[in-house]
Amino acid sequence: MKAQIKYIVAICLVLLAQTGFAQEKSITIWWAQWDPAAGLQQLSQDFTKETGIAVKVRQIPWPSYQDQVFLNFGNKQTDFDIVVGDSQWIGRGATKGLYLELTDWLEETVDMKSIHPRAARYLCEYPAGSGRFYAAPCETDAIGFVYRRDWFEDAKEKAAFKKKYGRVLTTPDTWEELRDLAEFFQRPTQKRYGVALLTGRGYDSIVMGFQPFLWSWGGAWGEPQTFKVQGVLNNAGAVAGLEFMRTLVALGPPGAASSDYFHSLDVFSNGSTAMMVNYFPFYPGIVAAMGEQVGFFKVPGHDGRRVISLGGQGFSISTKIPAAQQALAKQFIAWFQQIKVQEKWITYPGAFTANTQLLATEAFRQASPYNATFAESLDYLQDFWNVPVYNELLAVAVRYLGQALDGEKSAQEALDALAEEHELILMQAGLLK
Amino acid sequence: MTPLAEGRRRDWMKYGFVGPALFVLIAMNIFPLIYSMVLSFTNVELTGGEYRFIGTLNYKIVFRMAKYAEALRTTALFVLLAVASELVLGFALALALRPRFKAKAFVLTLFLVPMMLPQAVMGLYWKLVLNGDYGVFNQVLGFFYLGQPQWLTDPDLKFFSILLIDVWMWTPFMLLIALASLNAIPAYIYEAAAIDRASRWTVFRRITLPMCAPLLGLAVLLRATDALKQFDLVMAVTGPNDGATQTLSALLYQVVFRDGKVGLGTSYSYIVLVVVIALASVFIRYLGALQKKEGRAAV
Amino acid sequence: MKILRWLFIGVYFCIAALPLGWLGLTALKTRQDSISVQAKFLPTLADQSGRKSVFFSANLDGYRGLNQIYAGAQYTFFRYLGNSVLIGFFSTLAAVALGTACAYGFSRFRIAGAQDWLFFILSTRFLPPLAVVVPVLMMYREFDLQNTHLGLIVLYTAFNLSLAVWLMKGFIDEIPRPYEEAALMDGYSRLQAFRLIIVPKAAPGMAVTAVFCLISAWNEYGFAMTLNNQEAVTVLVYFAGLQGNVQGLPWPQIAAGVLLFVLPIAVFTVLVRRHLLRGVTFGTIKR
């Protein structure tokens, strides 16, 4: 009897082992190391609860994120199933066969109308306007302004401003109004400064900072279909925009001509600057640190034109993984796009959504001081080139724009030289005929 | 033991001593070197994919485009200025620190600390110290009414800022080796000079300096080969794409990682390698001559 | 002359020590104080919020932050420190041991092509590491050495061997041959002579070399990030991870981390200071 029982127990254990320790399904997601990624990891636990598929969000430090992702793509099989890639990477991913094409699948799984059109166009679609998708929205981002509400609402300041400029001290709607405000608050002797723009040279801050000026003044990086740059990037509007940016840079803290995302953040957080423009994920931290002192407004326009730099990353599925993994990845992405998941997603610090339904709700707008501004900004989003050679275009743009802001070249000279180089790069890439 | 057996035994001994190190170096270097060399003749990209041989096109591109020569020039200037400053400063400090005094160990260890700090992070930290808005350095300067140079953003100053940080960090390297070389000079030589009533300057010029020269020369060689690869500081302080500070490693990073052109990048590094090998062999020959003069074993 | 000397030492002491002192102060501040427009020099225990002065309230949040598992990191700072210690210590040990033996070989024996071998060893330093990242990564994936301690140990040993061999050869060349020749004539084997005569006399050189090798392995970033960013992660990668903090760069935490990070090396240097200060002394053997 005892022997029989032992035998049965043994068989049960073996069967249990087969099922309980069966090959656990899991997906690996690579993202940069920052709070939204930590949020994604936590959120994905819900997915695991629902489906039993484990999700590992590997976070690579930002400074090396791009390097490690593309290095990894060079292997026969990537270490990740999903990469939450920067918006600019999409051209590279698409044309080099690194990102799985999602066009048909995305359209039948997700209601495309629920994704904000700008996010869809710049985060998911390549080439622009073609209707082919290589990514699904994950983190949708934009730049926006934060300002010292307590300074703006101070009675003495309001009076002085009214006296000097003849209008009420309030958040600006146009760049010219912003310039007046910056001028008004620029008090170097008191270590107070007007505005901190994005002008860093390390990677792309200066380009993201320049774009609103470029576009609002009637310039553009180039023509999206023909890739012509001359006459578009260096037209009179673009030059005027760059010159205007220079005047604004002079109305900022020392070193304002070369201030990246973190530096701009610091010069605002330390209480010395009145206004600062940056990407929205930085704002939960500012609100936590400065609370009632700050307010937000969307990037101003010029001459009725308002264009705002887009940011953010989308989910892309690697082509270098087995089909079974790709299916799991799709399952996760589809799950993520659901509105109930999106509602939970945005509760994590630094996480933002492109879900049009959610953006329109009052609950969203009230959830934090910057949400309303964020929701309003989405309609104006535009991005830099996302073609495969975006890095070279970016590098050259950073150089010349930097020289313009440093005073080494005039705005016209800088943009002329830049247009020429861009056309050269696009020609070498076979895009410009 | 017969002479033959003795000879063979000595051979085993020889290779026993030098073998392991050489084995590690060859094993770790041979594949990367050869593979990179091969890659430099292709248009391979970072993200893999198809690539083909394109002959010497990459090399032609490097010779033709100005930015490669510029990076080389920036690096050469950097290496010269940095190593020279570190040598002079380090040696002067070693001379100053020679006599015994209380707390010598403490002072010396403190002097060595900057060298022990990670460059990648110190670059960030110096941004905190040197920036124009809240940096403490400019605040102190302002207190003494000494003006507010924009160390990190003024195009004319950026290069010198990186240079200064490098000198701050690496002078201890020279200091340590200079100390070791000074300590190696036997006391009896100084005693003999004292008997001959030689002046301090003569002692320095004819005894101290020449006897330290070989080790110092070696230190210069080692530090120079490190300085020409300077990347972490540049990356942290100005980014790899800054005209004023783009050393060859920074440009290499830009080309290989950002532009994704691995073949082009490696061809550039091989051209640089050839230049460095040429310069180094000349310098080593000079070092060997120095050592011979001092009666030491040839290199 | 003496005054000049002390002035010189004093000035350099300030240059070396002041930034370190500021680092120490920054580690004790809140993030807000570390980026304050009014530089704060003097720590107090009282609450200084809202006051624009040179005082700041000192706290240990910078250090405490290291003990928290930061957003996205898998472990606290101290786990990464442990990895760095392991990798640094073993690669230094290997580099110094192999390097000293190799240097002795080249110094004392006649080896065919010695000049060329030595030049080859040196030349492994010339190529910027960035140029060989792709092949090294391939090699490591092939041998499954990515994300292992052994992988980086071997890599750093190879990196440091050129320094170790050349430095140690410089030091061993200084040791006059008569010392070992006397021992050999007394019947000691070559190995014994090496162990009992050369090593003690070369100890200062080994100390110097060990310090440099440790520093080089300790502070390496490029390959640490590329090869070991999931497991066996070193502190440099941890620091890089701090650069994504959406609340801005956590300066106090970075400062605290740097200070703790430099501590093991400083301790090691202090431990070998006798050797560092001693140098090779020669006695009475005339040339």
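Residues numbered from 1 in each chain as written. Chains lettered and ligands numbered in written order. Predicted model: local features only at pLDDT ≥ 70, side-chain atom pairs only at ≥ 80, totals over all residues.

*Asks:* Sorry, what's going on with the overall build of chain B here?
*Replies:* A count of helical and extended segments in chain B gives 12 helices and 0 strands. Element order for chain B, N to C, with α for helix and β for strand: α-α-α-α-α-α-α-α-α-α-α-α. Expressed as a percentage of its 299 residues, the buried residues of chain B come to 48%. (Helix = DSSP H or I, 4+ residues; strand = E, 2+ residues; numbered from the N terminus. Buried ≥ 20, exposed ≤ 12 C-beta atoms within 10 Å, placed from the backbone.)

*Asks:* Quick question: what am I supposed to make of the interface of chain C and chain B here?
*Replies:* Often, the extent of an interface is quoted as the loss of accessible area upon association of its parts. Across the boundary between the two partners, chain C contributes 81 residues, which contact 75 residues of chain B. Among the elements that make up the side of chain C that touches chain B, the one with the highest residue count is helix α1 (residues 2-27) of chain C (12 residues). Here the side of chain C that touches chain B is composed, by residue class, of 60 nonpolar, 13 polar and 8 charged. (Contact = placed C-beta atoms within 7 Å. Nonpolar A, V, L, I, M, F, W, Y, C, P; charged D, E, K, R; others polar.)

*Asks:* How should helix α8 (residues 155-165) of chain A be read in this particular structure?
*Replies:* Working note: α-helix, 3.6 residues per turn, so residues spaced by three or four point in the same direction. Within α8 of chain A, only 1 of the 11 residues are buried, which leaves the element largely exposed. Backbone geometry just downstream of α8 of chain A places G166 of chain A in the positive-phi region, at approximately 70 degrees.

*Asks:* Where do I start with the nonpolar core in this structure?
*Replies:* Soluble globular proteins tend to pack their nonpolar side chains together in the buried interior. Residues I82, L242 and L401 of chain A, Y125 and I177 of chain B together with I254 of chain C are the most contacted members of the largest nonpolar core, which totals 325 residues. Counting residues per element, this core draws most heavily on helix α7 (residues 149-174) of chain C, which supplies 16 residues. I254 of chain C has contacts with V121, L124 and Y125 of chain B together with F239, L242 and L249 of chain C, leaving out every residue within four places of it along the chain. (Core = buried A, V, L, I, M, F, W, Y, C linked by C-beta atoms within 7 Å.)

*Asks:* Which parts of the structure should I look at to understand unusual backbone geometry?
*Replies:* Note the cis peptide between Y126 of chain A and P127 of chain A, where omega equals -15 degrees. Tracing the sequence through the fold places P127 of chain A in the loop between α6 (117-124) and β4 (136-148). Positive phi outside glycine occurs at D303 of chain A, with the angle close to 55 degrees. By the C-beta count within 10 Å, which is 12 here, D303 of chain A ends up exposed. Although it is not a glycine, R197 of chain B adopts a positive phi angle of roughly 55 degrees.

*Asks:* What's the story with the confidence of the model for chain C in this structure? I'm lost.
*Replies:* Detailed conclusions should not be drawn from predicted coordinates in areas where pLDDT is low. Residues and elements named next belong to chain C. The pLDDT averaged across chain C works out to 88; a share of 94% of its residues lies at or above 70. The secondary-structure element of chain C with the lowest mean pLDDT is helix α13 (residues 273-278), recorded at 71, while helix α4 (residues 77-108) shows the highest, at 95. Taken as a whole, residues 279-287 scores under 50 in pLDDT and shows 15 contacts with residues more than four places along the chain or in a different chain. Interface confidence for the predicted complex, expressed as ipTM, amounts to 0.90; the pTM equals 0.92. (pLDDT = per-residue confidence, 0-100.)

*Asks:* Teacher, can you tell me more about the interface of chain C and chain A here?
*Replies:* Contacts between chain C and chain A engage 22 residues on the former and 30 residues on the latter. Of all the secondary structure elements, the ones that give two or more residues to the side of chain C that touches chain A are α6 (133-142), α10 (222-227) and α11 (235-241) of chain C. Here the side of chain C that touches chain A takes 3 residues from α11 of chain C, the largest share from any one element. For the side of chain C that touches chain A, the class distribution of residues is 9 nonpolar, 12 polar and 1 charged.

*Asks:* Help me understand the pairing of strand β6 (residues 273-279) of chain A, please; the structure alone is not making it clear to me.
*Replies:* Residues and elements named next belong to chain A. Among the 7 residues in β6, 7 count as buried, and that is most of the element. Pairing between β4 and β6: 5 bridges, direction antiparallel. Bridge pairing in β6 places V146 opposite M276. Pairing of strand β5 (residues 193-196) with β6 involves 3 bridges; the strand directions are parallel. Residue pairing for β6: Y193 is matched across the bridge by T273. (Pairing = 2+ DSSP bridges.)

*Asks:* I would appreciate a short explanation of the domain arrangement of chain C in the present structure.
*Replies:* Residues and elements named next belong to chain C. Its domain assignment divides chain C into domain 1 (2-59) and domain 2 (77-278). Between the C-alpha centres of domain 1 and domain 2 there is a distance of 33 Å. At the interface, 9 residues of domain 1 touch 8 residues of domain 2. At the level of secondary structure, the elements contributing two or more residues to the side of domain 1 that touches domain 2 comprise α1 and α2 (31-34). With 4 residues, α1 is the single largest residue contributor to the side of domain 1 that touches domain 2. For the side of domain 1 that touches domain 2, a count of residues per class yields 3 nonpolar, 4 polar and 2 charged. (Domains from an automatic or database assignment.)

*Asks:* How should I be thinking about the packing of helix α7 (residues 158-183) of chain B against helix α9 (residues 200-227) of chain B in this particular structure?
*Replies:* Packed helices, taken two at a time, are described by the angle their axes make and the gap between the axes. Residue and element names in this part refer to chain B. Closest axis-to-axis distance for the α7/α9 pair is 9 Å, and the angle between their directions is 155 degrees. Taken together, the axes of α7 and α9 lie roughly antiparallel to each other. By crossing handedness, the relation of α7 to α9 is classed as right-handed. Taken together, the residues of α9 that come into contact with α7 (itself represented by D166, W170, F173, M174, I177, A178, A180, S181 and L182) are C212, L215, L216, A219, R223 and A227. Looking at side-chain class alone, the contact of α7 with α9 contains 12 nonpolar, 1 polar and 2 charged residues. (Axes fitted to C-alpha atoms, helices over the stretch in contact; angles between N-to-C directions. Parallel < 35°, antiparallel > 145°, perpendicular 65-115°, else oblique. Left-handed = near helix turned anticlockwise from the far one by under 90°.)

*Asks:* In this structure, what is going on with the pairing of strand β8 (residues 308-317) of chain A? I would like to understand it.
*Replies:* Each regular strand shows side chains that alternate between the opposite faces of the sheet. Residues and elements named next belong to chain A. With respect to burial, β8 is a largely interior element, 10 of its 10 residues being buried. Two elements, strand β3 (residues 82-86) and β8, share 5 bridges in a ladder whose sense is antiparallel. For G85, the partnering residue across the bridge sits in β8 and is G314.

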